[in-house]
Amino acid sequence: MTKDELKEKIKALVNDIYNPETLTGKEEITLDAPKFPVLAKFPELKDIIIDLLTDQYEIFVTDIQWVAPRPTTFRIVLGNGESFLLTYTPRSWIGQVEGKKYYLLNLSEEEQAAQAIARMLAYGVTEEKPGGTETPEETPSETPEETPAA
């Protein structure tokens, strides 16, 4: 094979791969980074989030953080700043929502966890005043006031 033949073969392959007309039946090639890259590493996490929040979870979730490697724990940050934890165990996932643990292997506990997450989403966005906490009004100084001369 000559150098020119090799070039022509590479050009033909590139045109076949990147031609949108030949992508029918194949996965579409995208250069966009996924919104939550941790879901690419842990596909089981995506399944459990879909179980809890539906397949439109991206509307309600702002961030997914990998908190601990063992047991594998993730913090799911909701749009209003609230968060809950999902922990992977060999048997099942454990959801910790508002301080209560739900073993997501049981359907009833999975439903309770979904309801607790719905309550958290219903809290709404908490607004903080700029400058942090409010300062109490200044108290009058303890020095006696001077009386004006009459």
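Residues numbered from 1 in each chain as written. Predicted model: local features only at pLDDT ≥ 70, side-chain atom pairs only at ≥ 80, totals over all residues. Heavy atoms only, no water.

Participant: Please explain the packing of helix α3 (residues 43-53) against helix α4 (residues 107-122) as it appears in this structure.
Facilitator: Pairs of packed helices are described in terms of their axes, by the angle between the two and the distance that separates them. Contact geometry for α3 and α4: axes closest at 8 Å, N-to-C directions at 70°. With respect to α4, the element α3 is oriented roughly perpendicular. Between α3 and α4, the residues in contact are Asp51, Leu52 and Leu53 and Glu110, Ala113, Ala114, Ile117 and Leu121, respectively. Classifying every residue of the contact of α3 with α4 gives six nonpolar, no polar and two charged. (Axes fitted to C-alpha atoms, helices over the stretch in contact; angles between N-to-C directions. Helix = DSSP H or I, 4+ residues; strand = E, 2+ residues; numbered from the N terminus. Parallel < 35°, antiparallel > 145°, perpendicular 65-115°, else oblique. Contact = heavy atoms within 4.5 Å. Nonpolar A, V, L, I, M, F, W, Y, C, P; charged D, E, K, R; others polar.)

Participant: I would appreciate a short explanation of the confidence of the model for the protein in the present structure.
Facilitator: Detail in the predicted coordinates should be disregarded across regions flagged by low pLDDT. Per-residue pLDDT for the protein has a mean of 79; in total, 72% of the residues score no lower than 70. Note on residues 132-140: pLDDT is under 50 here. Beyond four places in sequence and across chains, it has one contact. (pLDDT = per-residue confidence, 0-100.)

Participant: Would you mind going over the pairing of strand β5 (residues 100-103) with me for this structure?
Facilitator: Side-chain direction in a regular strand flips from residue to residue, so the side chains alternate between the two faces of the sheet. Relative to β5, strand β4 (residues 93-97) is paired through four bridges, and the arrangement is antiparallel. Each bridged residue has a counterpart across the sheet, and for Gly95 the counterpart in β5 is Tyr102. Between the end of β4 and the start of β5, which pair antiparallel, lie two residues, with Glu98 showing a positive phi angle near 55°. (Pairing = 2+ DSSP bridges.)

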